[in-house]
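Remarks on the overall topology
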Amino acid sequence: MLQLKHAGSGQVIELDEFWLRYHCHCGDCLNTETHQRRYDVLELPADVYALRHSWESGDKLLVEWSDGHRSSYDWAFIYDSQLEQLISRRTKSTALTPWNRSIVLQNERHLRFSLPALVASDEQVKQLVGALVRYGIVFIDDVAPTPTMTELALRRCFPIMKTFFGEMWTFSDKPDHADTAYTKMYLGSHTDNTYFCDAAGLQALHCLDHSADGTGGENFFVDGLHLVQELRRRFPAAYEVLCRVQVPAEYIEQGQHHCHTAPIIRIDPLTGELLQLRLNVYDRAVFNTLPQREMASFYASLRQLLQMVREEEQQWQLKLRPGSLVIFDNWRVLHGRHAYTGRRIMCGAYVQRTDYQSKARILGLIE
């Protein structure tokens, strides 16, 4: 280990010498055009070590290595690259607002954006993505109720994810897919794609039409971040079970059979904060990932979570109307729909989580 004491601040850091050599960013070690390394781990001596090191201008570390290489490092890079700093930034830099119905109603004005303003201003797009990161849900208003304009509004902010549903999809009560959403029945709070290895990061929905003689169809949203925090506080044993138990999900229709297994609550291993809420009782597969003697504990824990989901204060209910496109974080926000009558046409799409996070990262909104 190489012990460094910063000349200016007096801070002391201990570094693995191989790690430091591997992170040399000179032109011989890093392709500055592609930002990719020019060599792999095996090309460096396993026992490489610093022959000598010194400080230049207080903030630049100069190192002569046993393999004959010379490196220079900014102190800020070394300091910011430590695990403790990463955890601190992940915990503090992203200001997330957990919400229930009363909280979100007080902040609804921060969630609504006009399509003409988004088209005219990149700053408006940044504000929309920022609100999406913070609250997990936003609306784009003044969108003509057509698939074409819905796609235009979404693509102004994000690229669209292609699945077996297509890119942009329109659905009603016609059974185009083996999914409860393609009916008029009540659809309880859930997240989509629990049967995918990598569920969509965002989902967009736009009600294109609901006939004048139609009733019902109100949508409701539940913030999974608030929900999981409350579960952990009120039922810590249930929280532990749902973070640990692997729950299988599947989707089956002609020509498609998707399966994936993961916990209902996925936690960031570095920060301990919610990474993904994966909850969909409609997509449950045969539950064969747990010994029978542990089933009672699991089902009791799941019941406690589902009872909380149904609490009136957790649910934000509203009627999606033509002209207003909702975009929500499918790893965080649950959505559902009351049963309806009449002719109702919806349009929607998914965005991959990696594309959503890339956009937020480019805009300086997340680490």
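Residues numbered from 1 in each chain as written. Predicted model: local features only at pLDDT ≥ 70, side-chain atom pairs only at ≥ 80, totals over all residues. Heavy atoms only, no water.

Turning to the overall build of the chain, a few remarks are in order. If you tally the helices and strands in the chain, you get 11 helices and 21 strands. Judged by the C-alpha coordinates and their principal axes, the chain covers about 80 × 60 × 45 Å. Every one of the 367 residues in the chain was classed for burial, and the buried ones make up 47%. When contacts within the chain are restricted to residue pairs at least 6 apart in sequence, those whose partners lie at least 24 apart make up 72%. With an accessible surface of roughly 18300 Å², the chain has 50% of that area assigned to carbon and sulfur atoms. Measuring between centres, the 39 positive side-chain charges of the chain sit 5 Å from its 45 negative side-chain charges. (Helix = DSSP H or I, 4+ residues; strand = E, 2+ residues; numbered from the N terminus. Buried < 20%, exposed > 50% of the residue type's maximum accessible area, 1.4 Å probe, protein only. Contact = heavy atoms within 4.5 Å. Areas by Shrake-Rupley, 256 points an atom, 1.4 Å probe, with all protein chains shown as cover. Lys, Arg positive; Asp, Glu negative; His and termini not counted. Charge placed at Lys NZ, Arg CZ, Asp CG, Glu CD.)

Locating Gln 314 in the fold gives a position in the loop between helix 10 (295–309) and strand 18 (315–318). Polar contacts involving the side chain of Gln 314 include one to the side chain of His 226, which spans 3.2 Å. With residues up to four places along the chain from it excluded, the contact list for Gln 314 reads Asn 100, Arg 101, Phe 221, Val 222, His 226, Leu 227, Glu 230, Met 308 and Val 309. (Polar contact = N/O pair within 3.5 Å; in protein donor to acceptor, adjacent residues only side chain to side chain.)

A few words now on the packing of aromatic side chains. Using the criterion set out here, one finds 20 aromatic pairs in the structure. For the ring pair Phe 165 and Trp 169, a centre distance of 6.3 Å and an interplane angle of 55° mean the geometry is tilted. Taking the relative accessible area as the measure of exposure, Phe 165 reaches 11% and is therefore buried. Ring pairs connect the aromatic residues Phe 164, Phe 165, Trp 169, Tyr 195, Phe 196, Tyr 251 and Tyr 350, which therefore count as one cluster. For the cation-ring pair, Arg 112 lies above Phe 139, with the distance from its terminal atom to the ring centre recorded as 4.2 Å. Cation over ring: Arg 344 sits above Tyr 340, and NZ or CZ is 5.4 Å from the ring centre. (Phe/Tyr/Trp six-rings, centres within 6.5 Å; stacked < 30°, edge-to-face > 60°. Lys NZ or Arg CZ within 6 Å of the ring centre and 35° of its normal.)

On to the UniProt feature "domain: Gamma-butyrobetaine hydroxylase-like N-terminal" (unreviewed entry) in the chain. According to UniProt, the feature "domain: Gamma-butyrobetaine hydroxylase-like N-terminal" (unreviewed entry) maps to residues 10–78 in the numbering used here. Split by type, residues 10–78 is 14% helix and 38% strand. Its first and last C-alpha atoms lie 14 Å apart. (UniProt positions renumbered as here; feature names shortened; annotations may be inferred.)

What follows is about the sheet that holds strand 9 (residues 137–141). The strand order across the open sheet formed by 6 strands is 8-9-19-12-21-10, and the pairing between neighbours is mixed. Across the chains shown, the open sheet's two edge strands, defined by having one partner strand only, are strand 8 (112–114) and strand 10 (169–171). Taking the axes of each pair of neighbouring strands and ignoring which way they run, one obtains an average angle of 25° across the sheet. Its contacts with the sheet put helix 6 (residues 122–135) on strand 8, strand 9, strand 12 (202–210) and strand 19 (325–329), and the angle it makes with strand 9 is roughly 145°. (Pairing = 2+ DSSP bridges. Axes fitted to C-alpha atoms, helices over the stretch in contact; angles between N-to-C directions.)

Once that is clear, we can look at helix 7 (residues 147–155). By the burial criterion, the buried members of helix 7 are Thr 150, Ala 153 and Leu 154. Relative to the axis of helix 7, the buried residues are bounded by an arc of 95° and lie together on one face. Close packing links the buried residues of helix 7 with helix 5 (115–120), strand 9, strand 12, strand 19 and strand 21 (344–351). (Arc of directions from axis to C-beta.)

With respect to the helices, strands and loops of the structure, Arg 52 is situated in strand 5 (residues 50–56). Residue Arg 52 is classed as partly exposed on the basis of its relative accessible area of 48%. Spatially, the C-alpha atoms of Arg 52 and His 69 are 12 Å apart, while their sequence positions differ by 17 residues. Residues contacting Arg 52, with those up to four places away along its chain left out, are Leu 62, Val 63 and Glu 64. A polar side-chain atom of Arg 52 sits 2.7 Å from a polar atom in the side chain of Glu 64.

What follows covers the pattern of salt bridges. Under the counting rule described, the total for this entry stands at 18 salt bridges. Close ionic contact of Asp 67 with Arg 21 constitutes a salt bridge, the shortest N to O distance being 3.1 Å. Of this pair, Asp 67 sits in the loop between strand 6 (60–65) and strand 7 (70–74) while Arg 21 sits in helix 1 (residues 17–22), placing them 46 residues apart in sequence. A residue is classified by how much of its surface remains accessible, and Asp 67, at 31% relative accessible area, is partly exposed. Its salt-bridge partner being Glu 312, residue Arg 101 comes within 3.5 Å of it at the nearest N-O pair. (Salt bridge = Lys/Arg side-chain N within 4 Å of Asp/Glu carboxyl O.)

Further remarks concern the nonpolar core. In this structure, Leu 128, Ile 137, Ile 140, Phe 158 and Ile 327 are the most contacted members of the largest nonpolar core, which totals 53 residues. The leading source of residues in this core is helix 6, at 7 residues. Among the nonpolar cores identified, the runner-up in size contains 25 residues, and Leu 227, Ile 264, Leu 290 and Leu 305 belong to it. (Core = buried A, V, L, I, M, F, W, Y, C linked by side-chain atoms within 4.5 Å.)

A separate point is helix 10. If you check helix 10, its first and last C-alpha atoms are 21 Å apart, about what 15 residues at 1.5 Å a residue would give, namely 21 Å. The complete set of buried residues in helix 10 reads Met 295, Phe 298, Ser 301, Leu 302, Leu 305, Met 308 and Val 309. The buried residues of helix 10 occupy an angular sector of 155° when projected down its axis, which confines them to one face. Relative to its buried face, helix 10 has exposed residues pointing more than 90 degrees away, namely Ala 296 and Arg 303. (Expected span 1.5 Å × (residues − 1).)

We now examine the environment of Leu 15. Mapping Leu 15 onto the fold places it in strand 2 (residues 12–15). C-alpha separation for the pair Leu 15 and Ile 78, spaced 63 residues apart in sequence, amounts to 9.0 Å. Those residues in contact with Leu 15 that sit more than four places away from it in its chain are Met 1, Leu 2, Leu 4, Leu 20, Ile 78 and Gln 82.

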